Amino acid sequence: MLPESASAPDPPLLPVSPPVPPDTVGKLYSELEDKIREYRPKDDLAPLRKAFEFARRYHQDQTRDSGEPYMAHPVMVAHILADMRMDVVAMETGLLHDVVEDTSVTVDQVRKEFGDEVARCVDGVTKLAKLDFSSAEERQAESVRKMLLAMVEDIRVIMVKLADRLHNMRTLGYLSPERRERIARETIEIYAPIAHRLGMGKVRNELEDLAFQHLEPDAYKEIVAAIENRRHSNQEFLGEIRQTVEAELRREGIPARIDGRVKRPYSVFQKLRRQKITVDQVYDLMALRIVTDSVKNCYAALGVIHNKWRPIPGRIKDFIAIPRPNLYQSLHTSVVGPQGQTFEVQIRTEEMHRIAEEGIAAHWKYKEGRKGPAADDQRITWLRHLIEWQRDVQDSTEFMSTLKVDLYPEEVYTFTPRGKVLVLPRDASPIDFAYAIHSDVGATCTGAKVNGRIVPLRSALKNGDVVEIVTQSGHVPSKDWLGFVKTARARNKIKHVINASERIKAIDIGEKYLEKEARRFGVQLGKIGKGELEKTAAAYGYSKAEDLYAALGYGRYSARQILSKIAPEIVAEEAPGSKPVLEVPVQSGAPGRQHDGDAVVKVRGIDDLLVYRAGCCNPIHGEAIVGYVTRGKGVAVHSKTCPNVQNLMYDAERKIEVEWARAGDDSFPVRIAVHTDDRPGMLNQLTSVLFDESANIRSLEAKTNLDHEGALVEMTVDVRDKKQLEKLVSAMRRISGVRDVERLLH
Ligand code: MN
């Protein structure tokens, strides 16, 4: 049989720590050592004492709002950590947690005195202390909680932070109403849910009840009074029920420890709010908890309860079969008691009880392996991992060193200067941040400050960064940004603006092009009304003349084509086949609109352009290329080394960035000249190289070069890309007797 707990004396509803007299801090510390020795008899407490003396020296002249010496606070935080059965590093951190924040001590100093682990933890707690959540809106609470967890590299940091918060909440009464309200709200929105997520039921409950007391004083008083009113009858009732349950369980041979308890004020309050009822209508203020030895007996006990009292349908919950994400396990049921009162019964094993009360802290204390139930919640998977690691690790110090965690590896949590949290993908840049605030802020962003320091726009943001965006009105996004932004929002907005500015360019080009052609043909555009121009635009399917100019600038039509529509009596339509010789289409036939997905050349940021390879240099896949917006023929793609490029690019405005699309089955005809010795078999060797590389030969011509006693072979072959061409050339050069191989541009 499990030991039966004595009927617990009524707990004070809210434990509030009285201020500690100045001369008792030392005594408080020795009590801490005593407490630790009980559960860690072999640990060396010298470093702990050193941490105590160190912190006491630096906090020496400080007092808390209660008037007690400041040092009472860190010692009490360490006490709470000892109650959680934490290790010595955690308690050293507890003692030192405020020295960096509130005294002249630096993290480096802590590292020198107490080592890396303690320094890391103190640094972690200090970082959290610097966060100000007061301005975070309520709907952001989840982001803030995640950010807080994401910032924690060592899970002990969060334990110390929770202990710190718990002690501050216990002594909250000494603060001004404003600070009280702020801290209480932060506690109920941020810290209590974190304790809940970590499965630390006891800490969560106390945090919630303390915060509730300060946030809703009237509701709190009313509920406490109602509980007090019925305390006597409740206790009596619970006593009876308890005896009955004990007798029934004993008869069935189920070992059990039974606690009767009155529900805590905050959970009653939530119930009132949820069900929109008054406190008089709450019947199940009472709950019974049965702790037994095995899962089998949990279900057996449930059977006993349901046999005795009628269960309320829909109130039976099996958290053993399906544990909560925080690993909480129990059977819950509500039944109708002998006089028609309803009450709740929770049934669990000892181990489940430990997890429910202490959560992650339970894993410090009990090292025996346990079978972790599968938790569905992905976010909590790490907790399961901790348990699994712990099972494999015998030495507790080794376990501690595995506590470095990265809870949300795919996200980064950042702040605006006003304290709003922005969740961005990992490695997001200040540009992503700027666009997350507003697209105007993104578009006009010229610089960024992170934690007060100017950083490059492409730098990656880190958890907890406070980001300030510098803007300048009229500034436009840069294409380079597309190279490093991580959010779809920023990417789309940047593309949109770039497309719009390319369009403005195209309109301008189109307009000038049309004017020039008009002058050439003697068409007086000035005499043609806007209405006439719009009619022409409509004929091409555009609603505005502007759109027609853009199409012209993009090279979808030639100016002559348009003019022949505007002034058919003067300008005849272009005769087919009169295309400029230099311009050769990408694919066979006339320049075609590129098709999404299989385009050979892509114009960065724009999907709607005619693109063709310039015949002068005939660039092939893989070569460095550059685009040039022609008058009326779309974008000509030249090799960057093409001599024409130098001449064309005087008009920098028409230069456009292009890149090869993914490799397809396209092949490119290339002309090659091979200078060789004049000897038999040479042609054979050359063609077999081409054959080996499966390059198709379009034409081949060999002539004897009389001047140089050699031969010249000229050929046109189809190659896939630059790489294949290079391979071919070097294979031909290896043939003995080959003097030189060159690519012919025309
Ligand atoms: Mn503190």
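Relevant structure appears above.
The residue numbering used here restarts from 1 in each chain and proceeds along that chain's sequence as written. Local features in this predicted model are restricted to residues whose pLDDT is 70 or higher, and side-chain atom pairs enter the listing and the counts only when it is 80 or higher, whereas totals over whole chains, interfaces and linings include all residues. With hydrogens and water stripped out, all remaining heavy atoms of the structure feed into the side-chain values.

A.B. asks: Talk me through the pattern of salt bridges; I want residue IDs and the actual numbers.
C.D. replies: Two side chains carrying opposite charge are able to pair once their charged atoms lie near each other. Think of a salt bridge as a Lys or Arg side-chain nitrogen and an Asp or Glu carboxyl oxygen that are within 4 Å of each other. If you walk through the whole model with that rule in mind, you get 39 salt bridges. As a salt-bridge pair, D34 and R37 come within 4.0 Å of each other at their nearest N and O atoms. Here the residue D34 and the residue R37 both occupy positions in helix α1 (residues 25–39), the gap between them amounting to 3 residues, near one helical turn. Residue D34 is classed as partly exposed on the basis of its relative accessible area of 45%. R251 is the salt-bridge partner of E248, the closest N and O atoms lying 3.4 Å from each other. One end of the pair, E248, and the other, R251, are both in helix α13 (residues 231–251), 3 residues apart, so they sit about a helical turn from each other. Buried means the residue's accessible area, taken with a 1.4 Å probe over protein chains only, is under 20% of the maximum for its type, while exposed means over 50%, and partly exposed covers the values in between. Assessed through its relative accessible area of 64%, R251 is described here as exposed. A run of H or I in DSSP becomes a helix once it reaches four residues, and a run of E becomes a strand once it reaches two; helices and strands are each numbered from the N terminus.

A.B. asks: Explain the pairing of strand β14 (residues 625–629) to me, using residue names and the numbers behind them.
C.D. replies: Burial within β14 is extensive, with 5 of its 5 residues counted as buried. Across the two faces of β14 the burial is the same, with I625, G627 and V629 and V626 and Y628 all buried. The pairing of β14 with strand β15 (residues 635–639) spans 5 bridges and is antiparallel. Bridge pairing links Y628 to A636 in β15. When DSSP finds two or more bridges between a pair of strands, those strands are recorded as paired. Two strands pair when backbone bridges link them, and β14 and strand β16 (residues 655–656) are joined in this way by 2 bridges, in the antiparallel orientation. Note on β16: the bridge partner recorded for G627 is I656.

A.B. asks: If you had to explain the coordination of the manganese ion to someone new, which residues and values would you point to?
C.D. replies: Perfect tetrahedral coordination of a metal by four donors corresponds to 109.5 degrees between them, and perfect octahedral coordination by six donors corresponds to 90 or 180 degrees. Coordination of the manganese ion by the protein comes from H73 (NE2), H97 (NE2), D98 (OD) and D164 (OD), over a distance range of 2.2 to 2.5 Å. Metal sites are built from N, O and S donor atoms within 2.8 Å, or 3.2 Å for Na, K and Ca, and they leave out water, so they may look incomplete. In primary sequence terms, the donor set of the manganese ion follows H-x23-H-D-x65-D. Here D164 lies in helix α9 (residues 155–170) and D98 lies in the loop between α4 (88–96) and α5 (99–102), a separation of 66 residues in the sequence. Residue classification places D98 among the buried positions, given a relative accessible area of 8%. Among the residues examined, D164 registers a relative accessible area of 5% and is labelled buried.

A.B. asks: I'd like a description of unusual backbone geometry, backed by residues and values.
C.D. replies: A positive phi angle is found at N451, which is not glycine, with a value near 50°. Of note, N451 is situated in the loop between β9 (445–450) and β10 (453–455). One non-glycine residue with positive phi stands out, namely N618, at about 50°. Looking at the secondary structure, you find N618 in the loop between β13 (611–613) and β14. By relative accessible area, which is 18% here, N618 ends up buried.

Coordinates in, geometry out; function isn't part of it.
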